[in-house]
Amino acid sequence: MPSRQQVQGGKVFGLLKAQQEERLNCINKEFLEDEKYNDVDELLENLESFKKKYVEFDLNDHGDIDLMSLKQMLEKLGVPKTHLEVKKMITEVTGGSSETISYRDFVTMMLGKRSGVLKLIMMFEGKNGGNDEKPAGPPAKRDISSLP
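Residues numbered from 1 in each chain as written. Predicted model: local features only at pLDDT ≥ 70, side-chain atom pairs only at ≥ 80, totals over all residues. Heavy atoms only, no water.

A few words now on the UniProt feature "coiled-coil region" (unreviewed entry) in the protein. Per the UniProt entry, the sites bearing "coiled-coil region" (unreviewed entry) are residues 33-60 in this numbering. Helix makes up 57% of residues 33-60 and strand 0%, whereas the separation of the span's terminal C-alpha atoms amounts to 30 Å. (UniProt positions renumbered as here; feature names shortened; annotations may be inferred. Helix = DSSP H or I, 4+ residues; strand = E, 2+ residues; numbered from the N terminus.)

Membership of the largest hydrophobic core comes to 28 residues, with the highest contact counts inside it found for Phe-50, Leu-70, Ile-101, Tyr-103, Phe-106, Leu-111 and Leu-118. At the level of elements, α1 (4-33), α2 (43-57), α3 (67-76), α4 (83-94), α5 (103-111) and α6 (117-128) are the ones that each hand at least two residues to this core. Per element, the largest residue contribution to this core is 6 residues, and it comes from α5. (Core = buried A, V, L, I, M, F, W, Y, C linked by side-chain atoms within 4.5 Å. Buried < 20%, exposed > 50% of the residue type's maximum accessible area, 1.4 Å probe, protein only.)

For Asn-28, the location among the structural elements is in helix α1. A residue is classified by how much of its surface remains accessible, and Asn-28, at 4% relative accessible area, is buried.

Below, the discussion takes up the pattern of salt bridges. When their charged atoms lie close together, side chains carrying opposite charge are able to pair. Inspection of the entire model under this criterion finds 6 salt bridges. Between Arg-104 and Glu-30 there is a salt bridge whose closest N-O contact spans 2.6 Å. In this pair, Arg-104 sits in helix α5 while Glu-30 sits in helix α1, placing the two residues 74 residues apart along the sequence. For Glu-75, the salt bridge is made with Lys-71, and the minimal N-O distance between the two is 3.2 Å. You can see Glu-75 and its partner Lys-71 sitting in helix α3, 4 residues apart, about one turn around the helix. By relative accessible area, which is 41% here, Glu-75 ends up partly exposed. (Salt bridge = Lys/Arg side-chain N within 4 Å of Asp/Glu carboxyl O.)

Encoded structure:
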């Protein structure tokens, strides 16, 4: 039987997750009501997808993506970056106003017209569908003329 402390921790964690979900839903509602994004196809579906991805990136559950969380997630996606590169990505997304990426910054980046490095990685990850299957069998034979 779990101890009282374990049960309490689970309840507190659940409460924090529910609060985070509510905050993210409120921000999504702001984007849905913003006339600037009326022309975005499948906005509701995109926002739900962004929310799921953001929660994955928020490894410390503080509501922001910090340098180490972003670095770990990029490594998980198979795109390792140095600390300086990750700092530059955060600066690009936040405009230099913060050392962490808020959900609002994240959604603005994903819906924006500019193509930042992080946005391209996220879009590639979405198109990839998280398919981690490796090709089977030996590599295809190549001759010297096919090399770049």
